[in-house]
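# Structural features, examined
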Amino acid sequence: MSETIDVFEAIRSRRSIGRLKDHAVEDKLIHEILEAGNWAPSHHGTEPWRFYVMTGDGRNVLADAYGDIAVEAAGETPVDREKHRAKAFRAPLVIAVAVSPSPAPRVVRAEELAAAQAAVQNMLLAAHALGLAAIWRSGEPMYHSRMQAAFELAEEEELVALLYIGEPDMVPPQGKRRPYEEKTTWLRS
């Protein structure tokens, strides 16, 4: 990476971009994204995040889970399984992020989830800083037991994000936020 982006500019300019070109993402960039996720804060230093990197045919793990979940949900109603499988191929790189909570007695599960989600934000910002586009996908299928089985997650583990990453195939939308002042309460003496 020859040019860096200021962290505040990265935060303000990053957008969720779901339309991506079907060009492979270099391993070097994938490693940088994973490294950024690995530096997220975690309570008690537990580092509860787990990353599942899917490229090429590796995305079939996700595709099969999407297809199976759609068939199960449809019951007796016919469903186009391949249409649901195709969701896994909307990006050349998909990184599933799971939380694997520490069993230590002082650890709070909600804090472990927050740490894994902080890792996701770091990864989104890193992808953006590297000139890539990304979108954080979730939705009901992500929480299904079939998805849990696809990634061989233990009972206490769960997915927190499916990151679809690649070169953008669209102009990023304009960002907009209400001023933080509308959402802030100051408590002072």
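Quick summary incoming for the structure in this document. (Residues numbered from 1 in each chain as written. Predicted model: local features only at pLDDT ≥ 70, side-chain atom pairs only at ≥ 80, totals over all residues. Heavy atoms only, no water.)

### Description of the pattern of salt bridges
For the coordinates displayed, the defined rule picks out seven salt bridges. Arg-81 is the partner of Asp-68 in a salt bridge, and the nearest nitrogen-oxygen pair spans 2.4 Å. One end of the pair, Asp-68, is in helix α3 (residues 60-74); the other, Arg-81, is in helix α4 (residues 81-85), and 13 residues separate them in sequence. In this structure, Glu-82 engages Arg-85 in a salt bridge whose closest nitrogen and oxygen atoms are separated by 3.5 Å. Of this pair, Glu-82 and Arg-85 both sit in helix α4, three residues apart, which is roughly one turn of the helix. Judged by its relative accessible area of 12%, Arg-85 falls in the buried class. (Salt bridge = Lys/Arg side-chain N within 4 Å of Asp/Glu carboxyl O. Helix = DSSP H or I, 4+ residues; strand = E, 2+ residues; numbered from the N terminus. Buried < 20%, exposed > 50% of the residue type's maximum accessible area, 1.4 Å probe, protein only.)

### Re the layout of surface pockets
In this structure, the largest pocket spans a volume of roughly 220 Å³. Lining the largest pocket are Ile-11, Arg-12, Arg-14, Arg-15, Ser-16, Gln-121, Gly-175, Lys-176 and Arg-177. Residue composition of the lining of the largest pocket, grouped by class: one nonpolar, three polar and five charged. (1 Å grid on protein atoms, 1.4 Å probe; cavity = no way out; pocket = protein on both sides within 12 Å on 5 of 7 lines; lining within 4 Å. Points joined across faces, edges and corners; volume = space filled by probe spheres on them. Nonpolar A, V, L, I, M, F, W, Y, C, P; charged D, E, K, R; others polar.)

### Quick look at helix α5 (residues 109-129)
Here α5 is 21 residues long and its end C-alpha atoms lie 30 Å apart, about the 30 Å a rise of 1.5 Å per residue gives. In this structure, the buried residues of α5 make contact with α1 (7-13), α2 (27-38), β1 (49-55), β2 (93-99), β3 (133-137) and β4 (158-166). Within two residues after α5, Gly-131 carries a phi angle of roughly 85°, on the positive side. (Expected span 1.5 Å × (residues − 1). Contact = heavy atoms within 4.5 Å.)

### Re unusual backbone geometry
One non-glycine residue, His-44, adopts positive backbone phi at about 60°. Looking at where His-44 falls in the secondary structure, it is placed in the loop between α2 and β1. Look at Glu-152: it is not a glycine, yet its phi comes out positive at around 55°. Along the chain, the position of Glu-152 falls in the loop between α6 (145-150) and β4.

### Regarding the packing of α2 against α5
How two helices pack is summed up by the angle between their axes together with the distance between the axes. Running from N to C, α2 and α5 point in directions that differ by 145°, and their axes come no closer than 7 Å. When you trace α2 past α5, the crossing you get is right-handed. Along the contact surface, α2 presents Ile-33, Leu-34, Ala-36 and Gly-37, while α5 presents Ala-119, Asn-122, Met-123, Ala-126 and Ala-127. Tallied by class, residues from the contact of α2 with α5 come to seven nonpolar, two polar and no charged. (Axes fitted to C-alpha atoms, helices over the stretch in contact; angles between N-to-C directions. Left-handed = near helix turned anticlockwise from the far one by under 90°.)

### Topic: the sheet that holds β2
One open sheet holds the four strands; their spatial order is β1-β2-β4-β3, and the pairing between them is antiparallel. At either end of the open sheet lies a strand with only one pairing partner, and these are β1 and β3. Within the sheet, the average angular offset between the axes of one strand and its neighbour, ignoring direction, is 20°. Pairing of β3 with β4, which is carried by five bridges, proceeds in the antiparallel orientation. Among the inter-strand pairings, Arg-137 is bridged to a residue of β4, identified as Leu-162. Along the sheet, α2 makes contact with β1, β2 and β4, crossing β1 at roughly 165°. On top of the sheet, α3 reaches β1, β2 and β4; it is set at about 120° to β4, its chief contact. (Pairing = 2+ DSSP bridges.)

### Quick notes on the packing of aromatic side chains
All chains considered together, the criterion is met by one aromatic pair. A cation over an aromatic ring shows up here: Lys-87 above the ring of Tyr-66, its NZ or CZ 5.5 Å from the ring centre. (Phe/Tyr/Trp six-rings, centres within 6.5 Å; stacked < 30°, edge-to-face > 60°. Lys NZ or Arg CZ within 6 Å of the ring centre and 35° of its normal.)

### Points about the environment of Ala-63
Tracing the backbone shows Ala-63 in helix α3. Residues Ala-63 and Glu-82, 19 residues apart in the sequence, show an inter-C-alpha distance of 8.5 Å.

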